[in-house]
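Analysis of the macromolecular model
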Amino acid sequence: MSALDDGSAELIRVGAVIGQRFDTELIRATSGAPIETVVHALRAGVQAQLVTPERSESTAFEFRHALTREAILEELFPFERIEIARRALGALERDPLDLDDSFGEQAAALAEKAGDTRRAAELLLQAARRARQRGALSSAVPMLDRAWSFMNQTELEWFEIGEALLSALATTGAVDEALAVGEQMLAVARPEQCANIHLAMARATAEASRWDTAGGHAAAARNYVEDVPGSLIGARIDAVSAEIAVGQGRFDDAALLALRAMDIAERLQDHELQAATTLVIGRCERGRGEGNPAATFDSVVRIGREHGLPTWQLRGLMERSSLALWEYESPHGILDAREHAENAGA
């Protein structure tokens, strides 16, 4: 840093607060410096071997070594780091398009550095939801876990983030960790919150084929819900109960529950519930040897594709490819499922 003039050194410090990797435009917006000054500073930083351009993006730079960045941060007083982080976060939030893209996680990190952990949790939750919409569940879990740690157990957001974390953990196969999250929430939940928590735990254990445990949680969820015909929570409990019934070989019970839930899903235009119930109906058709399960699983794929539900699209592809194996069909379905999973970052 001693080789840099004062102005260039200040801009490199701004970059260090932003992160190991930073964008030229964000440096400019945070500092208020003209682009020519930013370019001069970055060129000086490159010559001093502090930073290097990132090849994948034309406006991105990164520090050559993490220790270099840490040493630069040590030069700043804590209040300086906080102030720079606040300005950088403000610059990001002035452009909502940035928060909807790759800068979402970076904005959360800046909010944390600025001492605004509530805002950091909100931003991490948003970023995790976007990751989940892409099907990148392995990316969503650490973001949700960190967001959850920022919230107090007495806050409604703690339960909202906890339910999202429980669901993401279950879908990635970390069922015991998902159940541990659920038990933490049940320990402090109010009665009106318990139904959704038990429902999430039923889904988690059903994912792992722990049918008896899943059935217990589904029954517990139903006990907390008033028996109001046509309720969405009731339909969701029916859907997971139908999945459990399929796993236990009770195909007639499963079909009745799934059809009842599907009627509500279609009426309320709940596409995720519609996909879930359609999948169960396909499994019932396959198990009973009737109907056209291939077409039903294709419907799940279509619902997932048309309504931005990549996880359900993948599940439909997997069921369809599994059916193709038994019927000695072409392996195209399996290849499609693998490609879809790879594209989602699985």
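In what follows, the accompanying structure is described. (Residues numbered from 1 in each chain as written. Predicted model: local features only at pLDDT ≥ 70, side-chain atom pairs only at ≥ 80, totals over all residues. Heavy atoms only, no water.)

**Considering the overall build of the chain**
To keep it simple, the criterion reads: Note on conventions: DSSP H or I runs of at least 4 residues are helices, E runs of at least 2 residues are strands, and numbering of each starts at the N terminus. Each residue's exposure class comes from its accessible area (1.4 Å probe, protein chains only) as a fraction of the maximum for that residue type: buried when under 20%, exposed when over 50%, partly exposed otherwise. Contacts are residue-level and defined by heavy atoms, with any inter-residue pair within 4.5 Å sufficient. For accessible areas, the Shrake-Rupley method is used with a probe of radius 1.4 Å. Any residue's cover is judged against the shown protein chains and nothing else.
Looking only at helices and strands, the chain has 19 helices and three strands in total. Expressed as a percentage of its 346 residues, the buried residues of the chain come to 49%. Taking all contacts inside the chain whose residues are at least 6 apart in sequence as the whole, residues at least 24 apart take part in 54%. Element-wise, carbon and sulfur atoms account for 50% of the exposed surface of the chain, whose accessible area totals about 17,500 Å².

**Considerations on the side chain of Arg119**
For clarity, the cut-off: Counted as a polar contact is a pair of N or O atoms within 3.5 Å, where, for protein atoms, one must be capable of donating a hydrogen and the other of accepting one, and residues adjacent in sequence contribute only when both atoms are in side chains.
Examined against the element boundaries, Arg119 turns out to sit in helix α8 (residues 117-133). Note on Arg119: relative accessible area 19%, which makes it buried. A polar side-chain atom of Arg119 sits 3.0 Å from a polar atom in the side chain of Glu122.

**Comments concerning helix α2 (residues 24-31)**
Where we set the bar: Here the arc refers to the set of directions running from the helix axis out to each C-beta atom.
Turning to α2, its buried residues are Thr24, Leu26, Ile27 and Thr30. Seen along its axis, α2 keeps its buried residues to an arc of 165°; they face one direction. One side-chain oxygen at the N-terminal end of α2 lies 2.9 Å from the backbone nitrogen of Glu25; it belongs to Asp23. Among the residues trailing α2, Gly32 stands out with phi positive, at a value near 80°.

**Comments concerning the pairing of strand β3 (residues 60-63)**
The condition that has to hold: A pair of strands is considered paired only if DSSP assigns at least 2 bridges between the two.
Two strands pair when backbone bridges link them, and strand β1 (residues 21-23) and β3 are joined in this way by three bridges, in the antiparallel orientation. Residue pairing across strands places Arg21 opposite Glu62, the latter belonging to β3. By the bridge criterion, three bridges tie strand β2 (residues 51-53) to β3 in an arrangement that is antiparallel. Residue Val51 lies in a different strand from β3, and its bridge partner there is Phe63.

**Overview of the nonpolar core**
Note the cut-off: Only buried Ala, Val, Leu, Ile, Met, Phe, Trp, Tyr and Cys residues count toward a nonpolar core, and they belong to the same one when joined by side-chain atoms within 4.5 Å.
Membership of the largest hydrophobic core comes to 73 residues, with the highest contact counts inside it found for Phe22, Leu144, Ile161, Leu166 and Met185. Considering each element in turn, this core owes the most residues, nine residues, to helix α10 (residues 156-171). Once residues lying within four places of it in the same chain are set aside, the contact partners of Phe22 are Gly15, Ile27, Leu42, Val51, Thr59, Ala60, Phe61, Phe63 and Gln106. Val246, Ala255, Ala258 and Cys284 belong to the second-largest nonpolar core, a separate cluster that totals eleven residues.

**What about the packing of aromatic side chains?**
Spelled out, the test is: Any pair of Phe, Tyr and Trp rings, taking the six-membered ring for Trp, is counted once the centres come within 6.5 Å. Such a pair is stacked with planes under 30 degrees apart, edge-to-face with planes over 60 apart, and tilted for the rest. Definition used: whenever NZ (Lys) or CZ (Arg) falls within 6 Å of the ring centre and also within 35 degrees of the ring normal, the charge is taken to sit over that ring.
This structure, assessed with the given rule, holds five aromatic pairs. For the ring pair Phe77 and Phe79, a centre distance of 5.6 Å and an interplane angle of 10° mean the geometry is stacked. There is no split in this pair, since Phe77 and Phe79 are both exposed. Counting every residue linked through ring pairs, the aromatic cluster contains Phe22, Phe61 and Phe63. In this structure, Arg315 is placed above the aromatic ring of Trp312, and the distance from its NZ or CZ to the ring centre is 4.4 Å.

**Considering the pattern of salt bridges**
Quick note on the threshold: Salt bridge, as applied in this entry: a Lys or Arg side-chain nitrogen positioned within 4 Å of an Asp or Glu carboxyl oxygen.
As enumerated under the stated definition, the model contains 26 salt bridges in all. In this structure, the salt-bridge partner of Glu93 is Arg119, at a minimum N-O distance of 2.5 Å. In this pair, Glu93 is assigned in helix α5 (residues 78-93) and Arg119 in helix α8, connecting sequence segments 26 residues apart. For Glu93, a relative accessible area of 30% corresponds to the partly exposed category. When salt bridges that share partners are traced, they join Glu243, Arg283, Arg286 and Glu319 into one network.

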